[in-house]
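Structural overview for review
Spelled out, the chains give:
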Amino acid sequence: MLYLDNAATTPVRREALDAAWPYLTGTFGNPSSHHQVGEAAAAGLHDARGRVAAVLGARRSDIVFTAGGTEAANLAIKGLALASPRGKHLVTSRLEHDAVLHSVEFLQRVHGFEVSFVEVLPDGTITPEALGAALREDTTLVSLGLANNEIGTVHDIRALAEIAHASGALVHTDAVQAAGWIDLRGLGVDALTLSGHKIGAPKGIGAAMIRGRLPVEPLVHGGGQENARRSGTENVAFAVALAVALELSEAEREEKAARLAPRRDAFIEQVLAARDGVLLTGAAPGPGRLPGHASFCVPGRSGESILLDLAERGVIASSGSACAAGSDEPSHVLTALGIPREVAQTAVRFTLPAGITAEQLEAVGTLVGQVIAPVADRHQP
């Protein structure tokens, strides 16, 4: 089996599991307890926080551990917006993950915020000019993803953050899909969110980086853990696993991207040549696209049927976001790009593991070509 759905989740790295194990066994204490057992756990948590901060180019006190990327995004968006005295206007795009869009919708519905959606180009790119047109004097927060999980488009968040900051707004970026592929330092954002299971840590751990002393309204109230930004006894073992997985992903990032990008490009060419009308969704191959991401629409074929045919041949891929799996609705990302609903329902996405070889990916391309070929071609002897 070849697993090509790493945007949905990745296998837990042995190094992360080994680092977490002591905090699930001997060093099992509550890090808030003021005795030897608790202090040993607190030391592990303190170290993990510093290691995550170092990868992000942040301060240790900026890091808040959460139960995952969804909670981290909710905390950053709701927490910053509700604590800001500036105004009640938000800017985002219709391409964002549901964790972002539903957080914004909550603020709009319950707290009376107004929302502007920045215009996007057909490949999912957001220009500084488009963002500037969406900003207002009372914009309190801009939330734009660093890389899109469904179409692989990478945004120039540094340039977008400069535009937003010039207007006085705060900036959050969802970096869940970008971690391990893009340098997360020096982005110039006020908040950045991560998910552990996208980079080889277990499911159930995430982190929000929230700069400096920015006021944050917590979502979870209780004992005041995480500098009173997220109450609840911390998951020390998984925080340690996240730190280790993030460090390893960062150390491997440049070499992995350089190795996989040309293999991905050849795979994209192979799939596009397999059938007339196949559409590459998102940015063209190059720095504007995640190195391990290839996504297509195949008009005339159901995306789900393609995936079933590939699974029978040992290739595991997806039709888009795992969070929307099982829905009959087409991807909100693809329809926001202007792709017709019936075409959006033909989407397939391949997100590559670091270790895939050129030969393996070429073989996958051949299988994809066989699966999506017109019926008459598939039945030729």
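Residues numbered from 1 in each chain as written. Predicted model: local features only at pLDDT ≥ 70, side-chain atom pairs only at ≥ 80, totals over all residues. Heavy atoms only, no water.

Points about the environment of Arg49
Structurally, Arg49 can be placed in helix H2 (residues 36-56). With residues up to four places along the chain from it excluded, the contact list for Arg49 reads Arg60, Ile63, Val64, Phe65 and Glu226. Here the side chain of Arg49 touches Glu226 through a polar contact of 2.7 Å, side chain to side chain. (Helix = DSSP H or I, 4+ residues; strand = E, 2+ residues; numbered from the N terminus. Contact = heavy atoms within 4.5 Å. Polar contact = N/O pair within 3.5 Å; in protein donor to acceptor, adjacent residues only side chain to side chain.)

So, the sheet that holds strand S9 (residues 279-280)
The strand order across the open sheet built from three strands is S9-S10-S12, with neighbouring strands paired in antiparallel fashion. Every other strand in the sheet has two partners, leaving S9 and strand S12 (347-351) as the edge strands with one partner each. Across two bridges, S9 lies against strand S10 (residues 293-297) in antiparallel orientation. Paired with Leu279 across the two strands is Cys297, which belongs to S10. (Pairing = 2+ DSSP bridges.)

Focus: the packing of aromatic side chains
Applying the stated criterion to the full structure yields three aromatic pairs. Between Phe267 and Phe350, the ring centres sit 5.2 Å apart and the planes meet at 80 degrees, which makes this aromatic pair edge-to-face. Here Phe267, found in helix H7 (residues 236-274), pairs with Phe350, found in strand S12; they are 83 residues apart in sequence, far enough to count as distant. Accessibility assignment for this pair places Phe267 and Phe350 in one class, buried. Between the aromatic rings of Phe296 and Phe350, the centroid separation amounts to 6.2 Å while the plane-to-plane angle is 65 degrees, which identifies the pairing as edge-to-face. Within this pair, whereas Phe296 is found in strand S10, its partner Phe350 is found in strand S12, the two being separated by 54 residues in sequence. Taken together, the ring pairs in this structure connect Phe267, Phe296 and Phe350 into an aromatic cluster. Looking at Lys78, its charged tip hangs above the ring of Phe106, at a distance of 4.5 Å from the centre. Its end group placed over the ring of Trp181, Lys256 keeps NZ or CZ at 4.0 Å from the ring centre. (Phe/Tyr/Trp six-rings, centres within 6.5 Å; stacked < 30°, edge-to-face > 60°. Buried < 20%, exposed > 50% of the residue type's maximum accessible area, 1.4 Å probe, protein only. Lys NZ or Arg CZ within 6 Å of the ring centre and 35° of its normal.)

Focus: the pairing of strand S7 (residues 191-195)
The element S7 is largely enclosed, with a buried count of five among its five residues. Judged by which residues are buried, S7 turns out to be covered on both faces: Ala191, Thr193 and Ser195 on one side and Leu192 and Leu194 on the other are all buried. Alignment of strand S6 (residues 170-174) against S7, held across three bridges, turns out to be parallel. From the neighbouring strand, Thr173 faces S7, where its bridge partner is Leu192. The pairing of S7 with strand S8 (residues 206-210) spans five bridges and is classified as antiparallel. Along S8, the bridge assignment pairs Thr193 with Ala208.

As for the pattern of salt bridges
Per the stated rule, a full pass over the model turns up 19 salt bridges. In this structure, Asp18 and Arg14 form a salt bridge, with 2.8 Å as the shortest nitrogen-oxygen distance. Linking Asp18 with Arg14, this pair stays in helix H1 (residues 14-24), spanning four residues, or about one helical turn. Relative accessible area serves as the criterion here: at 42%, Asp18 is assigned to the partly exposed category. Of the residues examined, Arg14 reaches a relative accessible area of 58% and is grouped as exposed. Arg49 is paired through a salt bridge with Glu226; the nearest N and O atoms lie 2.7 Å apart. Here Glu226 lies in the loop between S8 and H7 and Arg49 lies in helix H2, a separation of 177 residues in the sequence. We classify Arg49 as buried; its relative accessible area is 11%. A cluster of three or more residues bridged by salt bridges with shared partners is formed by Asp183, Arg185, Glu250 and Arg253. (Salt bridge = Lys/Arg side-chain N within 4 Å of Asp/Glu carboxyl O.)

A short note on the environment of Ala7
On the secondary structure map, Ala7 appears in the loop between strand S1 (2-3) and H1. Separated by 171 residues in the primary sequence, Ala7 and Ala178 place their C-alpha atoms 9.8 Å from one another. When residues no more than four places from it in sequence are discounted, the contact partners of Ala7 are Asn149, Gln177, Lys198, Arg349 and Thr351.

Thoughts on helix H8 (residues 303-312)
The set of residues buried in H8 consists of Gly303, Ile306, Leu307 and Leu310. Considered in projection along H8, the buried side chains sweep an arc of 100 degrees and stay on one side of the axis. Exposed and oriented more than 90 degrees from the buried face of H8 are Leu308 and Glu312. On its buried face, H8 is in contact with strand S11 (315-316), S12 and helix H11 (358-372). (Arc of directions from axis to C-beta.)

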